[in-house]
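# Reading the structure
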Amino acid sequence: MSDPRRPTHTPQPLAVADEPPAAPAPSAGEPLRAAPHQHAAPHQHAAPHQDPTPALLAHVEAPREGADVTLTSGRRYEITAGGAADRLVIRGRRGEVVLRIEVTDAGPVLSFSGAELELSGARRIALAAPEVEVRADHALTLASGGSLHEHVTGDRHATIGGTARTEAAAVAVQASEGHVEVLAMRKIALDAERIGLNDNPTPEPFPWSRLARDAEDD
């Protein structure tokens with residue numbers, strides 16, 4: 001006889017793992033078929049994809065405000081960034097400024113300083129700007145192995161403190177629109193084997209003049 005104070009325990013059936021249902025038996029005359037292949041669950045997981053951006057950014061150098069580099073030759077290169085202009089200064093062995101380059105929004109500005117400066121071109125060197133100024137503290141020499149042509153749209157005014165001399169195989173002067181005036185504080189001397197006044201009854205422009213070229217074009 002059971003004790004009423006002792007709780008009763010009802011046995012539970014043991015849990016059994018689910019098994020795949022058995023394939024039905026083939027009917028008469030039906031060909032046998034192979035059971036589907038069961039793939040085992042992989043025990044290893046693929047490595048997560050890594051972003052290569054941090055590795056690439058590690059090789060990118062951050063912008064600098066300036067840098068100074070001294071070469072084994074003793075010359076020094078100074079680079080400075082600025083709001084209005086970036087500046088590159090090259091100094092010689094003794095610290096003197098040899099070259100200064102300022103890069104602005106309007107363009108570069110170059111300043112040279114040295115004993116000599118030479119520009120050499122195999123074919124052509126052209127200087128073009130709204131204003132071009134050539135200034136020499138002592139002497140200025142222009143030499144041409146061929147011809148020299150000057151084209152001035154406006155006026156040409158030459159001020160010479162010393163003596164002006166012109167030497168050529170022949171000298172020709174033509175005023176295409178106005179007159180020719182010669183003024184001297186002292187004497188005017190004309191010496192020649194023959195001096196002709198109104199010597200040509202039908203004067204024409206010189207063949208090399210602009211008037212003669214315009215007449216040929218017409």
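Residues numbered from 1 in each chain as written. Predicted model: local features only at pLDDT ≥ 70, side-chain atom pairs only at ≥ 80, totals over all residues. Heavy atoms only, no water.

### Notes on the environment of Pro 205
Short version of the rule: We count a stretch as a helix when DSSP gives it H or I for four or more residues in a row; a strand needs E for two or more, and each element gets its number in order from the N terminus. Contacts between residues were defined by any pair of non-hydrogen atoms, one from each residue, lying within 4.5 Å.
For Pro 205, the position within the fold is in the loop between β5 (107-112) and α2 (210-217). Sequence-wise, Pro 205 and Gln 174 are 31 residues apart; in three dimensions their C-alpha atoms are separated by 7.7 Å. Discounting residues that sit within four places of it in the chain, Pro 205 has contacts with Gln 174, Leu 211 and Ala 212.

### What to know about the confidence of the model for the chain
The line we're drawing: Think of pLDDT as the predictor's per-residue confidence, scored from 0 to 100.
With 73% of its residues at a pLDDT of 70 or more, the chain shows a mean pLDDT of 80. By mean pLDDT, the top-scoring element of the chain is strand β2 (residues 76-80) (93), and the lowest-scoring one is helix α1 (residues 53-57) (67).

### Regarding unusual backbone geometry
A positive phi angle is found at Asn 198, which is not glycine, with a value near 55 degrees. Within the element layout of this structure, Asn 198 appears in the loop between β5 and α2.

### So, a nonpolar patch on the surface
Operational definition: Two joining distances apply to patches: 9 Å for like charges and 5 Å for nonpolar side chains (Val, Leu, Ile, Met, Phe, Trp, Tyr), and every residue must have over 30% relative accessible area and no salt bridge. In these tables, accessible area is a Shrake-Rupley quantity obtained with a 1.4 Å probe, and a residue counts as shielded only by the protein chains included in the view. Any carboxyl oxygen of Asp or Glu that lies within 4 Å of a side-chain nitrogen of Lys or Arg is treated as forming a salt bridge with it. Residue burial is assigned from relative accessible area. The probe radius is 1.4 Å, only protein chains are included, and a residue is buried under 20% of its type maximum, exposed over 50%, and partly exposed in between.
Together, Leu 110, Phe 112, Leu 117, Leu 119, Ile 125, Leu 127, Val 132, Val 134, Leu 140 and Leu 142 make up a nonpolar patch on the protein surface, roughly 1,200 Å² of accessible area in all. With respect to the element layout, Leu 117 can be found in the loop between β5 and α2. According to the relative accessible area criterion, Leu 117 is exposed, its value standing at 57%.

### Focus on the packing of aromatic side chains
As a reminder, the rule being used: Aromatic rings from Phe, Tyr and Trp, with only the six-membered ring used for Trp, were paired whenever their centres fell within 6.5 Å, and each pair was classed as stacked if the ring planes differed by under 30 degrees, edge-to-face if by over 60, and tilted otherwise.
Evaluation of the coordinates by the stated rule reveals 1 aromatic pair. For the ring pair Phe 206 and Trp 208, a centre distance of 5.1 Å and an interplane angle of 10 degrees mean the geometry is stacked. On the accessibility criterion, Phe 206 (31% relative accessible area) is partly exposed. Judged by relative accessible area, which is 49%, Trp 208 ranks as partly exposed.

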